[in-house]
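# Summary of the model geometry
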Amino acid sequence: MEQEQAPRWWAVVAVMIGIFLLVTAEQLPIGLLSQVASSMGVTPGMAGLMVTVPGVVAAFSAPLLPVAVGRLDRRIMLTLLMVVMVVGSVLSAIASSFVLLLAARVLVGLSIGGFWAVAGSIAPRLVPEAQVPKAMTMIFGGVAAASVLGVPLGTLLGDLSNWRVAFGSLGGLSLLTAVALWFWLPPLPPREPVRLRVLAQQFRNRGVRVAVLTTAFVVVGHFAAYTFISPILQEISGISQRHVSSLLLLYGAAGILGNIAAGIFAGRHPYRAVLAIPSLLLIVVALFPLLGIQPSSGVMLLMVWGAVFGSVSVSIQTWIIRTAPNTEAATALMAFTFNMSIGLGAMLGGRLVDGTSLPIAMWAASGLFLLGALLVLSTPAKVVGQKRR
C-alpha cells in the first residue's frame, strides 16, 4: 500500500513550492498594479482584471480539470500544470498589449485551480498516515509563504527593474519546479476518476457540505474586509501609510505560525480547529473598529487576524480528508469555493465601503463569520470522528 512506503518528503517540498509560486503569481499584480497600468496605458481599475481573471478561471478549473483529465496520472498532471504556468508567466512578461496580458493570465488561472485541486489531496499518498498533518502543514505553508516572501520579493524585483522581469522570473522558477515535480513525485494514478456526478455526490455528504459552506462564509467575509486592510489600518488605527507594507509582512508571518499551529492541532482535533476559525475571526474583525483605534491595538488585532486566517487551508483540508467519500473530488470543490469566494468577498466589501463605511464592511464580514460558526456548531462532531467537549 502507498501509505506503507517510506515518506517522500522531497515530493512534499516540490508540491509546496508549486503552491507557493502559483499563489505568488495570483497575487503579484496587486503589488505591480500601478506600474502595469502605466506601461499598458490602462486605468488601475482595469489593471485589476489581472487578479480577477485568473481567480475566476481558477475557480472553474479546480472542479472541471480533474474531470477532464480522467485517469491521467496526477504526477503528470501537476507537472504539466506547472509547464502551463511557465508559458503563462513568459507570455505575461512579453505581452505587447493588455488584452494579450489578460489572455496569459487565463493560463495562470488554469494552473492555479487545477494544481490546488490535486495538491491538497495527495499528502496521504506521499507520507504515512501519522505524518499526514505535517505534510499538509508544509504544502499549505506555501500559501502563507507566498504572502510573506513571494509577493513582496516579486514586487521589489519589479520596482528595481521592471514588471516584466518579475513575471519572467516566475516563469523560470516554475520551470525548475516542473522538473522537480517530475523527478520527485512518485506515480500517482487516480484511485477513482473524478466525474461530474462524483462532484455532486461529494456535496451530498454532510461533512463535505459543511466544509464547503463554512469556507465560503469565512473566505467571503475575510476578503470583504481584508481587501481594504490598508485604509483600515490608516483610518481606524491611525497608522501611517509607509508602515502598512511592513505590517502586512508581519501579518503574513503570523499566518505561517497559524498554519503550523493548525497543522498540529487539526490533526488531532479537526472539529475544534474548524470551529475556532470563524469564531475567532468574528471576535477580531467585529471588535477592530472599536478596539483597534490605536496603532498598538490595531497591530495586535492584525497579527491575530493573520494567524487565524493562516490556519484555514490546513484545518479545512484535514476535515475534508476525514469526511469526503472522494478526497480529490471534494478538494476540487473546495478550490472552486475558495477562489470564487475571494472575488465575491472583494466585490461585496467594495460595494459596502463605497456605499457606507469601513466599519460597516467589517461588521458585515463578521456577520458571515457568525453564520460559519453557527453552521459548524449545528454539525455533530462525530461527522469528523470526534466527540464534542
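Residues numbered from 1 in each chain as written. Predicted model: local features only at pLDDT ≥ 70, side-chain atom pairs only at ≥ 80, totals over all residues. Heavy atoms only, no water.

### Here's the deal with empty space enclosed by the protein
Following the criterion strictly, the structure yields two cavities of 30 Å³ or more and no others. For the largest cavity, the calculated volume is near 110 Å³. Tallied by class, residues from the lining of the largest cavity come to seven nonpolar, five polar and no charged. Put simply, the second largest cavity is a space of about 30 Å³. Taken together, T214, T215, V218, V274, I277, V312 and I316 make up the lining of the second largest cavity. It is helix α10 (residues 206-226) that provides the largest number of residues to the lining of the second largest cavity, a total of three residues. Considered class by class, the residues forming the lining of the second largest cavity number five nonpolar, two polar and no charged. (1 Å grid on protein atoms, 1.4 Å probe; cavity = no way out; pocket = protein on both sides within 12 Å on 5 of 7 lines; lining within 4 Å. Points joined across faces, edges and corners; volume = space filled by probe spheres on them. Nonpolar A, V, L, I, M, F, W, Y, C, P; charged D, E, K, R; others polar. Helix = DSSP H or I, 4+ residues; strand = E, 2+ residues; numbered from the N terminus.)

### A short note on the packing of aromatic side chains
Summed over the entire model, instances satisfying the criterion amount to 10 aromatic pairs. Plain terms: the ring middles of W163 and F167 are 5.7 Å apart, the flat faces sit at 80° to each other, and that makes the pair edge-to-face. With a gap of four residues between them, W163 and F167 both fall in helix α8 (residues 163-184), about one helical turn apart. Given the relative accessible area of 1%, F167 is considered buried. Ring-pair connections join several aromatic residues into one group, and the members of that group are W116, F223, F309 and F338. When the ring centre of W182 is taken as reference, the NZ or CZ atom of R75 above it lies at 3.8 Å. (Phe/Tyr/Trp six-rings, centres within 6.5 Å; stacked < 30°, edge-to-face > 60°. Buried < 20%, exposed > 50% of the residue type's maximum accessible area, 1.4 Å probe, protein only. Lys NZ or Arg CZ within 6 Å of the ring centre and 35° of its normal.)

### Some details on a nonpolar patch on the surface
Taken together, L280, I283, L287, L290, L291, I360 and W363 make up a surface patch of nonpolar side chains, about 620 Å² in accessible area. Counting only elements with at least two residues in the nonpolar patch, the list comes to α13 (270-291) and α17 (358-377). Of all the elements, α13 adds the most residues to the nonpolar patch, at five residues. Within the fold, L290 resides in helix α13. (Patch = residues over 30% accessible without salt bridge, like charges linked within 9 Å, V, L, I, M, F, W, Y side chains within 5 Å. Areas by Shrake-Rupley, 256 points an atom, 1.4 Å probe, with all protein chains shown as cover. Salt bridge = Lys/Arg side-chain N within 4 Å of Asp/Glu carboxyl O.)

### Overview of the packing of helix α5 (residues 98-119) against helix α16 (residues 327-355)
It is at 7 Å that the axes of α5 and α16 come closest, and there the two elements cross at 140°. Considered as vectors, α5 and α16 are oriented oblique to each other. By crossing handedness, the relation of α5 to α16 is classed as right-handed. Residues I112, G113, W116, A117 and V118 of α5 touch α16, and the partners they reach there are E328, T331, A332, A335, F338 and N339. (Axes fitted to C-alpha atoms, helices over the stretch in contact; angles between N-to-C directions. Parallel < 35°, antiparallel > 145°, perpendicular 65-115°, else oblique. Left-handed = near helix turned anticlockwise from the far one by under 90°. Contact = heavy atoms within 4.5 Å.)

### Here we look at the nonpolar core
Counting 112 residues, the largest nonpolar core has F115, L185 and W305 as its most contacted members. Looking at which element gives the most residues to this core, the answer is helix α1 (residues 9-40), with 14 residues. Apart from residues no more than four positions distant in its own chain, F115 is found in contact with V15, G18, I19, L22, L78, L81, M82 and L181. (Core = buried A, V, L, I, M, F, W, Y, C linked by side-chain atoms within 4.5 Å.)

### A short note on the side chain of S61
Examined against the element boundaries, S61 turns out to sit in helix α3 (residues 49-69). Beyond its immediate chain neighbours, meaning those up to four positions away, S61 contacts P66, G109, L110, G113 and G114.

### Regarding the environment of L377
With respect to the helices, strands and loops of the structure, L377 is situated in helix α17. A relative accessible area of 42% means that L377 is categorised as partly exposed.

### Considerations on the environment of G70
For G70, the location among the structural elements is in the loop between α3 and α4 (74-94). Counting along the chain gives 43 residues from G70 to G113, while the straight-line C-alpha distance between them is 16 Å.

### Digging into the packing of helix α11 (residues 229-236) against helix α12 (residues 244-268)
With their axes 11 Å apart at the nearest point, α11 and α12 run at an angle of 115° to one another. Remark: the crossing between α11 and α12 carries right-handed chirality. Here α11 contributes I229, S230, L233 and Q234 to the contact with α12, which in turn contributes V244, L247 and L248. When the residues that make up the contact of α11 with α12 are grouped by side-chain class, the tally is five nonpolar, two polar and no charged.

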